[in-house]
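Chain residues, written in single-letter form:
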Amino acid sequence: MRIVRTGRSFVSINGMDRRDFLIRGGSLVSAAFLAACNSRGPKAADKLLKYAERKNISVERKLFRHTAIDVVQSGAHDAGNKLPSYYISPTVPVWDESVRGKWALEVSGLVANPLRLTLDDLQKLPQVSNRVNHYCVEGWTAVETWTGVPFSELARVVRADPQALYVDFQSFDDDYHESWDIESAMHKQTVVAYGLDGKMLEPAHGAPARVYSPVKLGYKNTKYLTKIVFLPQANGGYWTDMGYEWYGGV
Amino acid sequence: MNKKRHHWIVRVTHWVNFVAIVIMVGSGLRIFNAYPAFARKGEIFCCYPFEHKPIPAWLTFGRWLGGARHWHFAMMWVLVVNGLVYLAFVYLHGEWRDLVPRKGDIRDSWQMVKFYAFRRKDHPHQGKHNALQKTAYFLLPIAGALAVLTGIAIWKPVQLSWLTAMFGGYVWARYWHFIAMLAIVILSVVHVFMVFAVDPYSITSMITGNYDPSLSPEARNARPFYHLFPRRATVAPTPPPPETT
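The structure contained in this document is the topic of the report that follows. These numbers come from a predicted model, not from an experiment. (Residues numbered from 1 in each chain as written. Chains lettered and ligands numbered in written order. Predicted model: local features only at pLDDT ≥ 70, side-chain atom pairs only at ≥ 80, totals over all residues. Heavy atoms only, no water.)

This part is about the sheet that holds strand S8 (residues 177–181) of chain A. Residue and element names in this part refer to chain A. One open sheet accounts for 5 strands, arranged S4-S3-S12-S7-S8; its pairing is mixed. Each of the sheet's edge strands pairs with one partner strand only, and the pair in question is strand S4 (115–118) and S8. Strand after strand, the sheet turns through a mean of 15° between neighbouring axes, direction not considered. By the bridge criterion, 5 bridges tie strand S7 (residues 166–171) to S8 in an arrangement that is antiparallel. (Pairing = 2+ DSSP bridges. Helix = DSSP H or I, 4+ residues; strand = E, 2+ residues; numbered from the N terminus. Axes fitted to C-alpha atoms, helices over the stretch in contact; angles between N-to-C directions.)

Written as structure tokens, this is what we have:
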């Protein structure tokens, strides 16, 4: 680049004077902005974003503490019927006993004692009720009370293998599932819930049973459970495969 | 005569910051649009008049919620590391002296306001920055720190619940995050406007580092869109030719 100082203070860069430079530079920047508006960003950045996600997962797993628990702010109201309901099937998934037989939750994978637990079986296991926040990936929160079996209790009765570092929660809502890191699953506020606000869970919120934990974003908390599989490796998930973060921890 | 005005660290962090802020604001607004409100479900939020009105898509970046989140959570590291490098440099290199508020700043700011409002004829005498500029450059890192801390608070409301609680809980932390973003946007928009309207020569100085003091707003007696171009050298006591703007 040739910079020429002419006269007292005018600078010309490659034949452009300062005014040209400002006008051209300004239009270039504006054009870049208009192109960037509402865009997905350059394709070339995808690798960097993936790299950042992997690094973020390791930061988030290091940050994770079993002693960190979710506390509902004093004065916060329950969401009640304002709790949004969602599923990926075209209509509310309902377990039809006449077609599929009695519902049971299969707990399997890297476990010494695989089990099939009916709703009665689940209710006979130690029960907890947690009034906690629901953190949705969209940014809203909702306070609800979830009743069920602590996940750690289930892991104990099936005698989960220490090699099982991941858990996959699978459902009968199409092929919806989400896999978790074991430490989030073993958090004391993670429950396999069959009750909501003192009543049995309704189909709108994942009946007969769903996983519920305030340490994960809503989409990680699989509803309409059929299987809990202990795994040596992560197994993605419905929204994870769509491109949301696999970890989804709060 | 050209003088060195900006150290290369300041210049690099400035432009990195520019990219980081644009992407953080754009992707943040896209994330916000997934729930353009603050109320907890089943409650009403007191202090945002536009609940459930999305931000226009052209102001957002990332196209969809998942994409915007990936951008946001990647670029946040760039923003934080870049900000820390800048602050460390400004501290170690002594440049903080040009930026921290001093006793006379309120008086000087008022004089600048009067000058811009044509209530004062001559540009007030200034150091590296005028008093209003100085205030803006001092406030920007504060707004940035608030944005980062409230951002962490809503990223990890359970694992770092003490931080979230410091901002009044998740709903309020998310609100303060939005307000911090607004403050950064307002400061940045005014900054860019003033650069083009008062001191376009500073753009070169933020690229090459060199600045010609005879082109400073004070030397040109420049208000927004007034005296944008330098006065001709006046060797003889002849009246200056008419200005073309």
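Contact with chain A, which involves 56 residues of that partner, is made by 50 residues of chain B. Interface area, chain A with chain B, both sides summed: about 4,600 Å², of which 60% is carbon and sulfur. Where chain A touches chain B, the interface holds 2 salt bridges. Note that Lys156(B) and Glu60(A) form a salt bridge whose closest N and O atoms lie 2.7 Å from each other. One can count 18 residue pairs in polar contact (both at pLDDT 80 or more) joining chain A with chain B. Counted by class, the side of chain A that touches chain B contains 30 nonpolar, 13 polar and 13 charged residues. (Contact = heavy atoms within 4.5 Å. Buried area = accessible area lost by both parts, 1.4 Å probe. Salt bridge = Lys/Arg side-chain N within 4 Å of Asp/Glu carboxyl O. Polar contact = N/O pair within 3.5 Å; in protein donor to acceptor, adjacent residues only side chain to side chain. Nonpolar A, V, L, I, M, F, W, Y, C, P; charged D, E, K, R; others polar.)

What the rule picks out here adds up to 35 aromatic pairs over all chains. Above the face of the Trp246(A) ring, Lys216(A) is positioned so that its terminal group lies 5.9 Å from the ring centre. One residue, Lys41(B), lies across the ring of Trp140(A), its end atom 5.0 Å from the ring centre. (Phe/Tyr/Trp six-rings, centres within 6.5 Å; stacked < 30°, edge-to-face > 60°. Lys NZ or Arg CZ within 6 Å of the ring centre and 35° of its normal.)

Moving on, we come to the state of the cysteines. Note: disulfide means a covalent bond formed between the sulfur atoms of two cysteine side chains. Residue and element names in this part refer to chain B. What the rule picks out here adds up to 1 disulfide over all chains. Each disulfide pairs two cysteine sulfurs, and for Cys46 the partner residue is Cys47, the sulfurs being separated by 2.1 Å. Handedness of the Cys46-Cys47 disulfide follows from its S-S torsion of about -95°: it is left-handed. On the basis of relative accessibility, which here comes to 56%, the residue Cys46 falls in the exposed class. (Disulfide = S-S within 2.5 Å. Buried < 20%, exposed > 50% of the residue type's maximum accessible area, 1.4 Å probe, protein only.)

A word on the pattern of salt bridges. All names here are of chain A. Taken as a whole, this structure holds 13 salt bridges over all chains when the rule is applied. The residue Arg156 makes a salt bridge to Glu153 at a minimum N-O spacing of 2.6 Å. Of this pair, Arg156 and Glu153 both sit in helix H5 (residues 151–157), 3 residues apart, which is roughly one turn of that helix. When its relative accessible area of 53% is taken as the criterion, Arg156 is described as exposed. You can call Glu153 buried: its relative accessible area is 15%. As a salt-bridge pair, Asp181 and Lys216 come within 2.8 Å of each other at their nearest N and O atoms. Taken together, the residues Asp181 in strand S8 and Lys216 in the loop between strand S11 (210–212) and strand S12 (225–231) connect sequence positions 35 residues apart. Of the two residues examined, Asp181 and Lys216, each falls in the buried class.

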